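# Observations on the three-dimensional arrangement
Single-letter residue listing:
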Amino acid sequence: MDPADPEEEERLALLQQVRGSFSGSSLTLLSIIQAVAVGELATVVAADYAHFNIVQWLMSLVTLFLIIVVWDHLSRDAITFSWVPDFRDSALPFLIGVVELFLCHAVGVGIDVWMVGTVGLAIAALAHLSYVQWRAEQWAENRRMRAYARERWRVERGLTIAGIILCPTLAVAAKVGVFGTGVHVSGVHMALAVCAVLLVGVWLAGYVLSTHLSWRATVERTGIGRLLD
C-alpha cells in the first residue's frame, strides 16, 4: 500500500485517533462506575451503621479498599497499553462494577452473602487479567510495555489463582455457618469471621503491592521519572 495514498493516510489517522482516545474513555467509564459503587457503599453504611458489628465494619473497609484497588489497577492498565476498543472493553468494567455493588449491598446482609460476592470478584480478576494480556499481545505498539509487565502478570496470575481457591473456600465455610449466620455473629464465630475478611483484604493488598512495584520499575527503566525532573 502506498504510504502517500490519501485514503491510507486517512485510515491511519482514524486508527491513531481511536487508539489515542482509549485511555481517556476507559478512565471516564471506570470513574463513573467507581463513583456509583462508592455511593452504594455510603448508602448502606449510613442506613444501618448504628447496628454494625466489627465484622460489618471490616467488610465495609475491605469493600472500600476493593473499589480503590480496582481503580488503581484498571487505570494503570488503561494508560500503559492501547488497542482499538470494542464491546468487551465496555462490558468488563460494568461486570466488575456489578460485583462491587453486590459486595456493597452484602455488607448490610451478612458475611455469608458477602463471601459469595468475593467469588465473583475472583472470577472478575481472572477475566480481567486474561483479557488485558490477550489484547496487549495483539498490538505491536505494546511490545516494550509488555516486557515490563510480564513479571507483574506472573505475580498477579499467582494471586488470581490464590483468589480462585481462597474465595470459594471462604464462601462455603460461610454458608455452612462457620462464621455465624447473617449479621448475628459472636464469640468464636466473630473471631473466625474477622480473620476471613482480613484474608480477603490481604489478598487484595497483594495486587496493590504488585502494581506499585511494577509501575515503579517501569518508570525507572523507561526514564519517565527523569523526564519529569
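Scroll up a little and you will see the structure.
Conventions used here
Residues numbered from 1 in each chain as written. Predicted model: local features only at pLDDT ≥ 70, side-chain atom pairs only at ≥ 80, totals over all residues. Heavy atoms only, no water. Phe/Tyr/Trp six-rings, centres within 6.5 Å; stacked < 30°, edge-to-face > 60°. Helix = DSSP H or I, 4+ residues; strand = E, 2+ residues; numbered from the N terminus. Core = buried A, V, L, I, M, F, W, Y, C linked by side-chain atoms within 4.5 Å. Buried < 20%, exposed > 50% of the residue type's maximum accessible area, 1.4 Å probe, protein only. Contact = heavy atoms within 4.5 Å. 1 Å grid on protein atoms, 1.4 Å probe; cavity = no way out; pocket = protein on both sides within 12 Å on 5 of 7 lines; lining within 4 Å. Points joined across faces, edges and corners; volume = space filled by probe spheres on them. Nonpolar A, V, L, I, M, F, W, Y, C, P; charged D, E, K, R; others polar. Axes fitted to C-alpha atoms, helices over the stretch in contact; angles between N-to-C directions. Parallel < 35°, antiparallel > 145°, perpendicular 65-115°, else oblique. Expected span 1.5 Å × (residues − 1). Polar contact = N/O pair within 3.5 Å; in protein donor to acceptor, adjacent residues only side chain to side chain. Salt bridge = Lys/Arg side-chain N within 4 Å of Asp/Glu carboxyl O.

## A closer look at the packing of aromatic side chains
Scanning all chains against the criterion turns up 3 aromatic pairs. Ring centres 6.1 Å apart and planes at 55 degrees place the aromatic pair Y131 and W134 in the tilted group. With Y131 and W134 both in helix α5 (residues 111–138) and 3 residues apart, this pair spans about one turn of that helix.

## Considerations on the nonpolar core
W114, M115, V197 and W203 are the most contacted members of the largest nonpolar core, which totals 55 residues. Of all the secondary-structure elements, those providing two or more residues to this core are α2 (22–48), α3 (54–80), α4 (87–106), α5, α6 (143–175) and α7 (187–222). When residues of this core are assigned to their parent elements, the largest contribution, 11 residues, is made by α5. Dropping the residues within four chain positions of it, V197 is found in contact with V55, L58, M59, V62, I111, W114 and M115.

## Re empty space enclosed by the protein
A complete count under the given rule lists 2 cavities of 30 Å³ or more for this structure. What lines the largest cavity is a set of 16 residues, and nearest its centre among them are V70, H73, L121, A125 and Y207. Put simply, the parts of the chain that give the lining of the largest cavity at least two residues each are α3, α5, α6 and α7. Here the residues of the lining of the largest cavity sort into 12 nonpolar, 3 polar and 1 charged.

## Here we look at the packing of α3 against α5
Where α3 meets α5, the closest approach of the two axes is 13 Å, and the angle between their N-to-C directions is 10 degrees. Relative to α5, the element α3 lies roughly parallel. Seen from α3, the contacting residues are V55, M59, V62, T63, L66, H73, L74 and D77; seen from α5, they are I111, W114, L121, H128 and V132. Grouping the amino acids of the contact of α3 with α5 by side-chain chemistry returns 9 nonpolar, 3 polar and 1 charged.

## A short note on α3
The terminal C-alpha atoms of α3, which comprises 27 residues, lie 39 Å apart, in line with the 39 Å expected from a rise of 1.5 Å per residue. The opening residue of α3 is N53, an N-cap whose side-chain oxygen sits 3.0 Å from the backbone nitrogen of V55.

## Some words on the pattern of salt bridges
The final tally for this structure, using the stated rule, is 8 salt bridges. Close ionic contact of D77 with R152 constitutes a salt bridge, the shortest N to O distance being 2.8 Å. Here D77, found in helix α3, pairs with R152, found in helix α6; they are 75 residues apart in sequence, far enough to count as distant. Relative accessible area serves as the criterion here: at 6%, R152 is assigned to the buried category. Its salt-bridge partner being R154, residue E151 comes within 2.5 Å of it at the nearest N-O pair. Taken as a pair, E151 and R154 lie in helix α6 at a separation of 3 residues, close to a single helical turn. E151 gets classed as partly exposed once you look at its relative accessible area, which sits at 45%.

## Description of the side chain of H128
Within the secondary structure layout, H128 lies in helix α5. Residues within four places of H128 in sequence aside, it is in contact with H73, L74, D77 and L92.

## Examining the side chain of Q34
With respect to the helices, strands and loops of the structure, Q34 is situated in helix α2. At 2.7 Å, the side chain of Q34 and the backbone oxygen of I67 are in polar contact. In contact with Q34, other than residues within four places in its own chain, are I67, V70, W71 and E100.

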